[in-house]
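Observations on chain architecture
Each chain is listed here by its residues.
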Amino acid sequence: MSAPLKIAVIGCGFFAQNHLQGWKELRGEGAELAAVCDASAEKANAASRAHGVPAFTSIEKMLDTVKPDLVDVITRMDSHLAICDLLARRGVAAIVQKPLAPCWADCVAMANTAREHKSFLAVHENFRFQAPMLKVKALLDGGAIGDVSWARLAFRTGFDVFGNQPYLYDEERLVILDLGIHVLDIARVFLGEVDRLSCETQRRNVLVKADDTATLLLRHSGGAVSVVECTYTAKRHPDLFPHTRLEIEGTKGSLILDSDDEIILSDGTSHTRIAIDNPLAPWMQKPWHVVQRSVMETSRHIFKSFRNGERAATDISDNLKTYALVEAAYAAALDHTSHQPEMWQHN
Ligand code: NAD
Ligand code: 89V
């Protein structure tokens, strides 16, 4: 095998712990965690102690000292533009967490800079790498339900996401940008690109500043229609957080994903239950494990793409197509008409 590539992590907060564990598992595949960096010395030092790599509080100093091959950015969206700009100008390949940025203009600026510097920039969009979603995609691609014509994709929870991520209370745009973005991404993966969409938002939790619930109607380019639902304000028992429920119908049958461990595949007269394998590694904890494993699978895919000189499935140009749906949804929620997603025009 070729020499290991050096990975550096920027941002060692709540969600980075999953990325750090994932990189540890990918060591055998040539990804060597080489440094951690956080503006908070306390967070950087804690990650350094846990993973036995040097800690930095300055990105520049980390780049000068470690010279990483690939940097994994797990800071919040308001810092992504500046960090990715610095990395692109220094010729360093990068992975960046979702959401790419707080607004479309910043996303486009990031895409233009990456293009200008011919730098590798992939977005760590993980839902399509969840074990249930990979299984559904394989069934659809294998023709299990024929041509897909309709779907409902729903993420409805009352799980206290604010406990781990208190900054979510104060976002100007909440549920579509933080959560809907994942569900819209899998809608694209399963049903194809979107011609137009409409959307209604609600603020049902008075403690949050912005939308906590959104219901979207999408017309896909191939003719299929889907309903995308997301809320952080459902009262459910059991609450399946962090699972996305799916109902997908096609010309030959349908599939239903209503739990984390099986898909019900039907041809209209009988059904079969298809098990989903999603083992719990020692560093994973329920209910997060479907997300945790997908973090590792997303990193694995992006790392392999980078090492092989290929584009990642979730590179910035792909992720802009998902982000454009978020923008269209907020625009539709404002004027109550359907909107077409914008396209990134290369400069
Ligand atoms: P967090 O606030 O807990 O951690 C962010 C860290 O980045 C902080 O420790 C902060 O000090 C550091 N930081 C900020 N600017 C920096 C800079 N310029 N240089 C170095 N360090 C810097 O945030 P979080 O909850 O871990 O979220 C991080 C990202 O992960 C967000 O974009 C969030 O949307 C995403 N996230 C994704 C999922 C998922 O399922 N895909 C889940 C949770 C969070
Ligand atoms: O992406 C996220 O912020 C995740 C989840 C969708 C699970 O809430 O925390």
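Here's what I pulled together on the structure shown here. (Residues numbered from 1 in each chain as written. Chains lettered and ligands numbered in written order. Predicted model: local features only at pLDDT ≥ 70, side-chain atom pairs only at ≥ 80, totals over all residues. Heavy atoms only, no water.)

Our focus in this paragraph is the pairing of strand β2 (residues 31–37). In terms of burial, β2 is a largely internal element, six of the seven residues being buried. Both strand β1 (residues 5–10) and β2 contribute to a ladder of six bridges, which runs parallel. Paired with Ile10 across the bridge in β2 is Cys37. As a crossover connection, the stretch from β1 through helix α1 (residues 16–25) into β2 is right-handed. Where β2 and strand β3 (residues 55–56) come together, two bridges link them in parallel fashion. Residue pairing across strands places Val36 opposite Ala55, the latter belonging to β3. (Buried < 20%, exposed > 50% of the residue type's maximum accessible area, 1.4 Å probe, protein only. Helix = DSSP H or I, 4+ residues; strand = E, 2+ residues; numbered from the N terminus. Pairing = 2+ DSSP bridges. Right-handed = clockwise from strand over helix to strand, strands pointing away.)

Mapped onto the fold, Asn319 is located in helix α10 (residues 316–335). Under the relative-accessibility criterion, Asn319 is labelled buried at 1%. If sequence neighbours within four positions are ignored, Asn319 has contacts with Leu100, Val123 and Glu125. (Contact = heavy atoms within 4.5 Å.)

With that out of the way, let us pick up the site of ligand 1. Taken together, 23 residues form the shell around ligand 1, and within it Phe15, Asp38, Arg76, Lys98 and Tyr167 come nearest. Within the contact set of ligand 1, an oxygen atom lies 2.8 Å away from a backbone nitrogen or oxygen of Phe15. Calculation on ligand 1 without its partners gives an accessible area of 860 Å², and the protein chains cover 85% of this total. For the shell around ligand 1, the elements supplying multiple residues, two or more each, are α4 (80–89) and α8 (175–191). (Near = heavy atom within 4 Å. Polar contact = N/O pair within 3.5 Å; in protein donor to acceptor, adjacent residues only side chain to side chain. Areas by Shrake-Rupley, 256 points an atom, 1.4 Å probe, with all protein chains shown as cover.)

Moving on: the nonpolar core. Among the nonpolar cores identified, the biggest contains 118 residues, and Leu153 and Phe190 are the most heavily contacted of them. In this structure Leu153 touches Val183, Ile186, Ala187, Phe190, Leu191, Ser226, Val227, Val228, Glu229, Arg245 and Leu246, once residues within four positions along its chain are discounted. (Core = buried A, V, L, I, M, F, W, Y, C linked by side-chain atoms within 4.5 Å.)

Turning our eyes to something else, we now look at the sheet that holds strand β7 (residues 148–156). The strand order across the open sheet formed by eight strands is β8-β9-β10-β7-β11-β12-β13-β14, and the pairing between neighbours is mixed. In the strand order of this sheet, the two ends are held by β8 (194–202) and β14 (271–275), each with one partner. Strand after strand, the sheet turns through a mean of 10° between neighbouring axes, direction not considered. Two strands pair when backbone bridges link them, and β7 and strand β10 (residues 225–231) are joined in this way by seven bridges, in the parallel orientation. Bridged to Arg156 within β10 is Thr231. Docked against the sheet, α10 engages β8 and β9 (213–220), running at close to 55° with respect to β8. (Axes fitted to C-alpha atoms, helices over the stretch in contact; angles between N-to-C directions.)

In this description, a pair of aromatic rings is defined by centroid distance and the angle of the planes. Applying the stated rule across the entire model yields 12 aromatic pairs. Within the aromatic cluster, the residues linked to one another by ring pairs are Phe14, Phe15, Phe127, Phe155, Phe159, Phe241 and Trp288. (Phe/Tyr/Trp six-rings, centres within 6.5 Å; stacked < 30°, edge-to-face > 60°.)

Counted under the stated rule, the structure contains 20 salt bridges. Where Arg152 meets Glu229, a salt bridge forms, and the shortest distance between an N and an O atom there is 3.2 Å. Of this pair, Arg152 sits in strand β7 while Glu229 sits in strand β10, and the two are 77 residues apart along the sequence. Notably, a salt bridge pairs Glu262 with Arg273, separated by 2.4 Å at the nearest N-O pair. Linking Glu262 in strand β13 (residues 262–266) with Arg273 in strand β14, this pair joins segments that are 11 residues apart in sequence. Counted as one network, the salt bridges with shared partners bring together Arg128, Asp185, Arg188, Glu193 and Asp318. (Salt bridge = Lys/Arg side-chain N within 4 Å of Asp/Glu carboxyl O.)

The subject of this paragraph is the environment of Ala131. Position of Ala131 among the secondary structure elements: in helix α6 (residues 131–141). In this structure Ala131 touches Ile276, Asp277 and Asn278, once residues within four positions along its chain are discounted.

Of the two faces of β13, the one lined by Ile263 and Leu265 is fully buried and the one lined by Glu262, Ile264 and Ser266 carries no buried residue. Count of turn residues in the strand β12 (residues 254–257)/β13 antiparallel hairpin: four residues. Adjacent in sequence and paired antiparallel, β13 and β14 are bridged by four residues, among which Gly268 carries a positive phi angle near 100°.

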